[in-house]
Amino acid sequence: MITIAEPETRPTGQDATDKWTNERVTWIHYWTPTLLSFRTTRYRAFRFTPGHYARLGLGTADNLVWRPYSLVSAHYHDYLEFVAVLVPGGEFSARLAQLRVGDEIAVEKACFGFLTTPQLAPGRDLWMLASGTGLGPFISILRDPAQWEAFERLIVVHSVRHADELTYRDEIAAMPDEALCTDARATLIYIPIVTRDADATELSDRIPRLLADGRLEAHAQRPIRVEDSRVMVCGNPEMARELRQLLATRGFATSRRGAPGQMAFEKYW
Ligand SMILES: Cc1cc2nc3c(=O)[nH]c(=O)nc-3n(C[C@H](O)[C@H](O)[C@H](O)COP(=O)(O)OP(=O)(O)OC[C@H]3O[C@@H](n4cnc5c(N)ncnc54)[C@H](O)[C@@H]3O)c2cc1C
Ligand SMILES: NC(=O)c1ccc[n+]([C@@H]2O[C@H](COP(=O)([O-])OP(=O)(O)OC[C@H]3O[C@@H](n4cnc5c(N)ncnc54)[C@H](OP(=O)(O)O)[C@@H]3O)[C@@H](O)[C@H]2O)c1
């Protein structure tokens, strides 16, 4: 059983409101000069479902810039974790690049998103298709032991331009041996895809092309079919659009009120 820790953190700044709290940055890890993960303290009443995103605010109280970021941490961690790319010329990215341990960051109390497994009809295989930082919500889902019981297979596909952008690669590989996941029902299949460094990974094409011509399923040795596969897609909006079309031709539908679907999408821009 997992106990949700009650962290020591409280709203810290005088400018915290009923909508958001000021948290403190406790850890920063740069994967590349423009790709980082960071952790913050967690307001004790902050609740989310793995796959959700929250809005983060950076700047001074009278000049906060807000952007949505997916939660990477597990729902039971006493901190919040995020992964972010620094976009050239981006207003939030410029502020994020200056972030240091000990700095304040505003976190909206409410969380949102449709990329959660309760939104989907039950299935046997959960496919998580990500580009770039779109892997983040899937890490939170993978860190939830309940998902390892809900599915027979957890299949993570992560497409990045260069090999050093394969964030969380070691953690994903080690997950099946984690104490929380031993004896779990699910098998993990991890498929990294590097698209711009020749021969860095077995597959090196974009995900929609790999799905369209059958190479993705052949590589995973699992079919993607509406009867028992559930598919989540996160990241590049053009990739999401192409995958949505491809999956729709196979009979997949997104969830509607009262009718859980077989696929879900989160577009990052
Ligand atoms: C629901 C949701 C969840 C998000 N979660 C994350 C997350 O977990 N991590 C994260 O890094 N970003 C995430 N984003 C994007 C994030 O909110 C910002 O847009 C991004 O960090 C850049 O902010 P900016 O102000 O610097 O530039 P913006 O003006 O917001 O963006 C400028 C341009 O940068 C590109 N871009 C923006 N975000 C990304 C990205 N993540 N990967 C590749 N290109 C991008 C797009 O071309 C965009 O038009 C999410 C967006 C949405 C809508
Ligand atoms: N990553 C870098 O080296 C780099 C360097 C400087 C600036 N930036 C900026 O940083 C931001 C984020 O870049 P990113 O590399 O994280 O995100 P990205 O451009 O979305 O690329 C991530 C992965 O998604 C793939 N992809 C792109 N478009 C796709 C589509 N329509 N369908 C399917 N797959 C698709 C890419 O393949 P492809 O390789 O085939 O595109 C890559 O494997 C961008 O604004 C970019 O301009 C990135």
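Residues numbered from 1 in each chain as written. Chains lettered and ligands numbered in written order. Predicted model: local features only at pLDDT ≥ 70, side-chain atom pairs only at ≥ 80, totals over all residues. Heavy atoms only, no water.

The chain is annotated in an unreviewed UniProt entry as ferredoxin--NADP(+) reductase of Parazoarcus communis. One UniProt comment on the chain, placed under Catalytic activity (unreviewed entry), says "2 reduced [2Fe-2S]-[ferredoxin] + NADP(+) + H(+) = 2 oxidized [2Fe-2S]-[ferredoxin] + NADPH". Under the UniProt heading Sequence similarities (unreviewed entry), the note attached to the chain is "Belongs to the ferredoxin--NADP reductase type 1 family." (UniProt positions renumbered as here; feature names shortened; annotations may be inferred.)

Student: Quick question: what am I supposed to make of the sheet that holds strand β7 (residues 125-131) here?
Tutor: To summarise the sheet geometry, strands pair through backbone hydrogen bonds and adopt either a parallel or an antiparallel arrangement. Read from one edge to the other, the open sheet built from 5 strands follows the order β9-β8-β7-β10-β11, with strand pairing classed as parallel. The open sheet is flanked by β9 (187-194) and β11 (263-267), the only strands paired with a single partner. Strand-to-strand, the axes of this sheet are offset by a mean angle of 10 degrees, without reference to chain direction. Looking at chain direction, β7 and strand β10 (residues 229-235) are connected through 6 bridges and run parallel. Its bridge partner being in β10, A130 is matched across the sheet by C234. Sitting on the sheet, helix α7 (residues 237-249) is in contact with β7, β10 and β11, with an inclination near 165 degrees to β11. (Pairing = 2+ DSSP bridges. Helix = DSSP H or I, 4+ residues; strand = E, 2+ residues; numbered from the N terminus. Axes fitted to C-alpha atoms, helices over the stretch in contact; angles between N-to-C directions. Contact = heavy atoms within 4.5 Å.)

Student: I would appreciate a short explanation of the environment of L99 in the present structure.
Tutor: Inspection of the secondary structure puts L99 in the loop between α1 (91-96) and β6 (104-112). A relative accessible area of 4% means that L99 is categorised as buried. Along the chain, L99 and M232 lie 133 residues apart, while their C-alpha atoms are 31 Å from each other. The contacts of L99, once residues within four sequence positions are left out, are V25, I28, F38 and L58. (Buried < 20%, exposed > 50% of the residue type's maximum accessible area, 1.4 Å probe, protein only.)

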